[in-house]
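Listed here are the chains, written in short residue letters.
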Amino acid sequence: MNLNTSILKYIEDVKSGSFTVEEFTAATLQRIKDIDGDIHAYLSLNDSAINDAKLIDQKISSGEKIGQCYGFPISIKDNICITGTKTTCASKMLENFVAPYTATVVNRLHAEDAVITGKTNLDEFAMGLTTEFSAFGPTKNPWNLDYVPGGSSGGSAASVAANECLASLGSDTGGSVRNPASFCSVVGLKPTYGLISRYGLISYANSIEQIGPMTKTVKDSAFLLNIIAGQDANDDTTIDSNNQNYLENIEDGIEGKKIGIIKEMTTSDGLSSEVSTATKDTIHDFESLGASCEEISLPTIPYTIAAYYTITSTEAGSNLARYDNIRYGYELESEGYEYNSYISKSRTKFGPEVTRRIILGGFVPSAGHAGKYFLKSLKVKSKLISEVNNAFKKFDYMISPTAPVQPFKFGEKIDDPVTLMLLDYNTVTANLTGKPAISVPYRVVNGLPIGMQIMANSLKEKSLLQAAYALESKTTLPEVPL
Amino acid sequence: MTKIGLEIHCQLTKLKSKLFCSCKANYREFEPNHNICPVCMGLPGSLPRLNQKAVESATRIAMALSCETPEKIAFFRKNYFYPDLPKNFQITQLNVYGDTSIGGEGYVNVEDKKIKIRRIQLEEDPGRIIYEGASERTKITLIDYNRAGTPLVEIVTDPDFESPRQVRVFLNILSDLLENLGVAEPGLEGAMRADGNVSIEGGKKVEIKNIGSFHDLEKALHFEITRQQSLFERDIEIVQETRHWDDKRKITVSSRSKEKDQDYRYFLENDIPWIKLDQGMLDGLKKNMPESISSKKERYVEKYDIASQVAEIIASDKYYSNLFENAYSDSNAKDIANLITTDVIGFIDTKEKQQNSKITSRHLSELIDAINSKTITRNSAKVALQEIMKSGKGTREVLEELDLGQVSDSSEIENIISQIFEEEKQAVIDAKERPETVNFLVGKVMQKTKGKADPVKTLELIKSKLLS
Amino acid sequence: MVDEDEIIRVAELMKINLDDHGEHVSRVKKMLEYFDILDQIDLSSEEITSQEKSLTELRKDEFIPNDKKLIESLKNFREHYVRAPKMN
């Protein structure tokens, strides 16, 4: 059975009887068994996946109404709650946390008969760019096991790239879907802020993060978006998306569209030479598709990393305050402790990066420093939004490489905090402005993937996916070597 | 020159659900930790959902206190660690980016003073902590989260109060006002709490927290004023600080200095968008506001010629004003009002009794009719009311059962008078010498007839007998 | 310059126990020093923007009882209450 297929092809095959849901699920589970020991994309597996698959097969054969997903296997990042499953955020603090409720996005998948294969690895509490900060060990890049898969949704990206499932739901706060998508050569979409319910997504920086689909193809991304997008009564920040069908007209092309090349994200000295070359080629591809490309400068961009880390650490410091190990967490007897010392003791289970972000998050909004750091960062955010809104008056899309470099080896970047932060340079703009952005796998050089990023204006996912599909049609990519 | 300011917290128990989730707003009927859900427990991944009616109720409070309301409101996080806070932050409101809380710059008239309301805000109540174990070593902290997320309105006044007595009057006015609005039940235990701040002689302000009830508040204020005065007299500096009320020892105690280090890192609660309060909505709320207490009082005085004191009493209490509004007609309004304030109030003097009483407006109007048609005496009406309160039986039934029909037959009354004159010889002599003491004899006749004798006739007949 | 003592104090406020002071503090300091870049941008005219909704879009006031068993699935729950360490 060929596991290197797309959701849409899979559904066709199931409908035509080429294989059953159970067969494909079993093959997928076998694949996980065979290679996940090496890759470590998964933190836990769904014990009832085969049963769920069987039930769907029964529905199909009995002619009962069946959900759009036809049982395709999908993995879920382990910061998204599913009832009865361990949801750890790759942290020792939540080692034993079993979620008592299910995230809206997963409910929507269940309602359409998707099969969940398991929960995937991430940087602890989604803070990181390489999945090296997972408390349970990193995920390896399926393209080369010595290299990082990107982060924080590294497990999600790797599970799709390695054919351990057909899609995954990750979360993107500063590039955490797009960055690993680029590093693992899969499609990763961060939708408009408010398009997708965050109910059940364990918060890191709630003002800017979104759940995003990670898939093999752009059409699959649109398919998945159709299922999970839309207002949710459980999330006051979701907005009305007018019930669009994102698959419809996705092949329309980009003839006559105007594309802005973001100057600050594409200067050659900020990019590796391979990425720089790929960028130039991308521009040519877009032009050959009938679009016109022009450079645009967004002068606020050099300040976005500082603003992003200030804002997200402030929110993280607050969002993670609830982890005091009193109502949930892990085993630690409170006998003999006093309240404050118990909490401090239990929070030593946070990993080093989370610990540092929490400290930062106590510092930058504090009474004496908020003006210099936090309030300034909020203003940078506002300034960026005006700049980008202005740019979209002229352009339909704006592009850049997703990451300034190709994947690198484990341990290479982890020691210098500033170098690490700057990996997000091209991606945080979409989060700070709330705009949708997608990473399309573009090329593999020396066995390591490069992805290109396209950004569109708010709620323009339909148009964005058209541009992504057009670019994808220009690419030929090798199969993952695993 | 004493200056007192208040910070009052009022639970919006008339709402059906909590501020950010659909658990019950009034948690009192539940077993501990059985009125909770992922949202109010702050479980990972849960999100707050703002209660529309809570915003409306808080807006109405702001209007009733003559506050200005902003064009849009926002919520903030107050970050600190405490066992009763499931998220280790409280979602509240603040005026940081301009006016973002639900109301400000209002006032309440207390006697002849205008008490300024600085700010009104919506926020969530934390859970409840109970300490178990006698000694310091064995003390365990027990937490019940049923109350976590209950909608609160915080009302902050300027330090305009000059005495604890004035504070008490204000709190009564405020309680009546909130009850009249139909947003709160101040009588419920723990539904209204207040902290205060005190300064004297233009000195530093001392905050007092952890005050359990309004009763305790007055005590705490008295104590604190005395404490500050004694320091002042001995030329000792009054430190600006937060003290807490120690209910066991009935004193205020300096709180640990760690309060000073506390940095709440206030920032916007991004899970709740800013909410626009558009003019249409505000106008709609204004139109549907229940009549204010002062407006009711004015109406009673002007339209029905009811005495000011009486009108005040009835207008201020929702229970009485409901009784009155449904009982009176143009001709007997004054009588009904007097009946309420003279008799009913006497024995229905607590919220609990109000809730359990079976007296209806119809009973009142029927009794007034009976009095005015001289079927019964005023005294008998009182007796009847007490029975009706308990049994709820019809007016006529009760009057018959208790045989309360007025005794107005002259010869019957004269008989009783003769008996009394026999029994109270000294009183008769007194009455002949000092006519103003005749009421004693009238009283005795009323006693003997169990209040049924027509008092006017009785007086007449006694007077004429004295002359003869 | 960012004061290291202050970083340590903040950590305590955030209930972070810094046994190994050195590494975390110096890394946090490095990040904060990078944030100095914020001083270079002109923000004088900027307002802070936000997401807005109208009152009618909010949740209706209804009581919906929740699963009675929720509390039992959480740790430290014994005989009605959640037990926490003693307070000073």
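Above this note sits the structure.
The shown structure was predicted, so the numbers you read here are calculated from the model rather than taken from an experiment.

Cut-offs used in this document
- Just so you know, the residues in each chain are numbered from 1, in the order the chain's sequence is written.
- Here chains are named by letter from A upward and ligands by number from 1 upward, in the order in which they appear as written.
- Since the coordinates come from a predicted model, pLDDT governs what is reported: local features require at least 70, and pairs of side-chain atoms require 80 or more to be given and counted, while whole-chain, interface and lining totals use all residues.
- Computation of side-chain values covers all heavy atoms of the structure but excludes hydrogens and water.
- Each helix is a run of H or I in the DSSP string that is no shorter than four residues. Each strand is a run of E no shorter than two, and both are numbered from the N terminus.
- The quantity called the radius of gyration is restricted to C-alpha atoms. Its globule counterpart is 2.2 Å times the number of residues to the power 0.38.
- We call a residue buried when its accessible area falls under 20% of the maximum for its residue type, exposed when it is over 50%, and partly exposed in between, using a 1.4 Å probe and counting protein chains only.
- Where accessible areas are quoted, they stem from the Shrake-Rupley method and a 1.4 Å probe; at the residue level, only the protein chains shown are allowed to cover.
- We count Lys and Arg on the positive side and Asp and Glu on the negative side, and we leave His and both chain ends out.
- Charge positions are represented by NZ for Lys, CZ for Arg, CG for Asp and CD for Glu.
- The contact rule is simple, with two residues in contact once any of their heavy atoms fall within 4.5 Å.
- Computed with a 1.4 Å rolling probe, the buried area is the accessible surface lost when two parts are put together, summed over both parts.
- Salt bridge, as used here, is a side-chain nitrogen of Lys or Arg placed within 4 Å of a carboxyl oxygen of Asp or Glu.
- Residues adjacent in sequence count toward polar contacts only when both atoms are side-chain atoms; beyond that, a polar contact is any pair of N or O atoms within 3.5 Å, and within protein one must be able to donate a hydrogen and the other to accept it.
- Expected span of a helix, by definition, is 1.5 Å for each gap between consecutive residues, and there is one gap fewer than residues.
- By definition, two strands form a pair when at least two bridges between them are found by DSSP.
- Axis angles are defined between N-to-C directions and span 0 to 180 degrees, where every axis is a line fitted to C-alpha atoms and, for a helix, only to the segment in contact.
- Under this scheme an angle from 65 to 115 degrees is roughly perpendicular, one under 35 degrees roughly parallel, and one over 145 degrees roughly antiparallel; angles in between are oblique.
- Under the scheme applied, nonpolar residues are Ala, Val, Leu, Ile, Met, Phe, Trp, Tyr, Cys and Pro; charged residues are Asp, Glu, Lys and Arg; polar residues are all the others, including Gly.
- Only Phe, Tyr and Trp rings take part, Trp by its six-membered ring, and two of them pair if their centres are within 6.5 Å. Stacked means planes under 30 degrees apart, edge-to-face means over 60, and tilted covers everything else.
- Lysine and arginine charges are scored as sitting over a ring when NZ or CZ, respectively, is within 6 Å of the ring centre and within 35 degrees of the ring normal.

Just give me the short version of the overall build of chain C, but keep the residues and values in it.
The secondary structure content of chain C amounts to two helices and three strands. Put simply, chain C runs from its N terminus to its C terminus through helices and strands in the order α-α-β-β-β. Scaling as 2.2 N^0.38, a compact globule of 88 residues should have a C-alpha radius of gyration of about 12 Å, whereas chain C reaches 23 Å, well beyond that. When the backbone C-alpha atoms are referred to their principal axes, chain C occupies close to 55 × 45 × 20 Å. Relative to its 88 residues, chain C shows a buried fraction of 44%. By element, 45% of the accessible surface of chain C is carried by carbon and sulfur atoms, the whole surface being about 5,200 Å². Averaging the positions of the 14 positive and the 21 negative side-chain charges in chain C gives two centres separated by 13 Å.

I'd like to hear about the environment of Lys9 of chain A, residue by residue, with values.
Residue and element names in this part refer to chain A. With respect to the element layout, Lys9 can be found in helix α1 (residues 7-16). Since its relative accessible area comes to 39%, Lys9 is described here as partly exposed. When the C-alpha atoms of Lys9 and Asp220 are compared, they prove to be 9.5 Å apart, with 211 residues separating the residues in sequence.

Could you give an account of the interface of chain C and chain A, with specific residues and numbers?
Between chain C and chain A, the contact holds 46 residues from the first and 64 residues from the second. Of the roughly 5,000 Å² buried at the junction of chain C and chain A (both faces included), carbon and sulfur atoms supply 67%. Put simply, chain C and chain A have four salt bridges between them. A salt bridge links Lys372 of chain A to Asp36 of chain C, with the shortest nitrogen-to-oxygen separation between them at 2.9 Å. Inspection of the chain C/chain A interface yields 16 residue pairs in polar contact (both at pLDDT 80 or more). In terms of residue count, the dominant contributor to the side of chain C that touches chain A is helix α2 (residues 21-34) of chain C (eight residues).

Got a sec to walk through the side chain of Thr192 of chain A? Specific residues and values, please.
Tracing the sequence through the fold places Thr192 of chain A in the loop between β5 (187-190) and β6 (210-215). Polar side-chain contacts of Thr192 of chain A include one of 2.8 Å to the backbone nitrogen of Leu459 of chain A.

Lay out unusual backbone geometry with the relevant residues and their values.
Glycine aside, residues mostly have negative phi angles, and peptide bonds mostly take the trans form. Between Gly151 of chain A and Ser152 of chain A the backbone carries a cis peptide bond, its omega angle lying at 10°. Mapped onto the elements, Ser152 of chain A comes out in the loop between β3 (115-120) and α5 (154-161). Positive phi outside glycine occurs at Asn243 of chain A, with the angle close to 50°. Along the chain, Asn243 of chain A turns up in the loop between α7 (218-228) and β7 (258-262). The exposure class assigned to Asn243 of chain A is exposed, which follows from its relative accessible area of 74%. Although it is not a glycine, Lys15 of chain C adopts a positive phi angle of roughly 55°. Note that Lys15 of chain C resides in the loop between α1 (4-13) and α2.

Provide a residue-level description of the environment of Glu436 of chain B, including the pertinent values.
Its place among the elements puts Glu436 of chain B in the loop between α15 (425-433) and α16 (438-448). Sequence separation of Glu436 of chain B and Gln386 of chain B is 50 residues, and the distance between their C-alpha atoms is 31 Å.

Could you give an account of helix α2 (residues 164-181) of chain B, naming the residues involved and the relevant values?
All names here are of chain B. Helix length check: α2 (18 residues) gives 26 Å between terminal C-alpha atoms against 26 Å at 1.5 Å per residue, within 8%. With 14 of its 18 residues buried, α2 lies for the most part within the structure. Among the residues trailing α2, Gly182 stands out with phi positive, at a value near 80°.

Give a description of the sheet that holds strand β15 (residues 274-276) of chain B that names residues and reports values.
If you walk across this open sheet you meet the three strands as β2(B)-β15(B)-β1(C), and the pairing is mixed. The open sheet is flanked by β2 (72-73) of chain B together with β1 (52-54) of chain C, the only strands paired with a single partner. Across two bridges, β2 of chain B lies against β15 of chain B in antiparallel orientation. The residue of β15 of chain B that forms the bridge with Lys72 of chain B is Lys276 of chain B.

Explain the packing of helix α7 (residues 308-316) of chain B against helix α8 (residues 318-327) of chain B residue by residue, including any values.
All names here are of chain B. Running from amino to carboxyl end, α7 crosses α8 at an angle of 105°, the nearest separation of the two axes being 5 Å. Taken together, the axes of α7 and α8 lie roughly perpendicular to each other. Note on element contacts: α8 touches α7 through Lys318, Tyr320, Ser321 and Phe324, opposite Ile313, Ile314, Ala315 and Ser316. Residue composition of the contact of α7 with α8, by class: five nonpolar, two polar and one charged.

Report on the pairing of β5 of chain A, specifying residues and quantitative values.
Residue and element names in this part refer to chain A. Side-chain alternation along β5 places Val187 and Leu189 on one buried face and Gly188 and Lys190 on a second face that is also buried. With two bridges joining them, β5 and β6 adopt antiparallel strand pairing. Note that in β6 the partner of Val187 across the bridge is Thr215. As judged from the three bridges shared by β5 and strand β10 (residues 437-445), these two strands associate in the antiparallel manner.

Could you give an account of the interface of chain B and chain C, with specific residues and numbers?
Of the residues lining the interface, 54 residues belong to chain B; the matching set on chain C comes to 33 residues. Together, the buried faces of chain B and chain C total about 3,900 Å²; carbon and sulfur atoms form 62% of this surface. On the surface where chain B and chain C come into contact, there are one salt bridge. Residues Glu52 of chain C and Lys72 of chain B are paired through a salt bridge, measuring 2.8 Å at the closest nitrogen-oxygen approach. Every element with two or more residues in the side of chain B that touches chain C is listed here: α1 (52-64), β7 (128-132), β8 (140-144) and β15 of chain B. The element that contributes the greatest number of residues to the side of chain B that touches chain C is β8 of chain B, accounting for five residues.

Please give an account of the sheet that holds strand β12 (residues 241-246) of chain B that cites residues and values.
Residue and element names in this part refer to chain B. If you trace the eight strands from one edge of the open sheet to the other, you get β5-β6-β9-β1-β10-β11-β12-β13, paired in mixed fashion. Each edge of the open sheet carries a strand with a single partner, namely β5 (103-110) and β13 (251-254). Pairs of neighbouring strands in the sheet enclose a mean axial angle of 30°, with direction left out of account. Bridge analysis of β5 against strand β6 (residues 113-124) gives seven bridges, and the strand direction is antiparallel. Pairing of Val110 across the sheet is with Lys113, part of β6. Packed onto the sheet, α2 meets β1 (2-11), β5, β6, β9 (151-157) and β10 (192-200) and runs at close to 25° relative to β1. Along the sheet, helix α3 (residues 214-233) contacts β1, β10, β11 (206-209), β12 and β13; its crossing angle with β10, the most-contacted strand, is approximately 15°.

Residue-level account of the pairing of β3 of chain A, with values.
All names here are of chain A. Most of β3 is tucked away, with six of its six residues classed as buried. Judged from the three bridges that link them, strand β1 (residues 42-45) and β3 form a sheet pairing that is antiparallel. Across the sheet, the residue bridging to Ser44 is Lys119, located in β3. The pairing of strand β2 (residues 73-77) with β3 spans five bridges and is parallel. Looking at the pairing, Ser75 lines up with Gly118 of β3.

Any details on helix α11 (residues 361-372) of chain B? Residues and values, ideally.
Residues and elements named next belong to chain B. End to end, α11 covers 17 Å across 12 residues, agreeing with the expected 16 Å (1.5 Å per residue, within 8%). If you check which residues of α11 are buried, you get Ser361, His363, Leu364, Ser365, Leu367, Ile368, Ala370 and Ile371. Along its buried surface, α11 packs onto α8, α9 (333-347), α12 (378-391) and α13 (395-401). The positive-phi residue at the C-terminal boundary of α11 is Lys374, with phi of around 60°.

Which residues make up the packing of aromatic side chains, and what are the values?
The geometry of two aromatic rings is summed up by the distance between their centres and the angle between their planes. Taken as a whole, this structure holds 23 aromatic pairs over all chains when the rule is applied. Ring centres of Tyr308 of chain A and Tyr309 of chain A lie 5.0 Å apart, and the angle between their planes is 90°; on these two criteria the pair is classed as edge-to-face. Classification of Tyr308 of chain A as buried rests on a relative accessible area of 3%. Residue Tyr309 of chain A is classed as buried on the basis of its relative accessible area of 2%. Through successive ring pairs, a cluster of aromatic residues spans Phe97, Phe125, Tyr323, Tyr328 and Phe350 of chain A. Lying across the ring of Phe63 of chain C, Lys24 of chain B places its NZ or CZ 5.9 Å from the centre.

Spatial relationships are all this shows, so hold off on functional conclusions.
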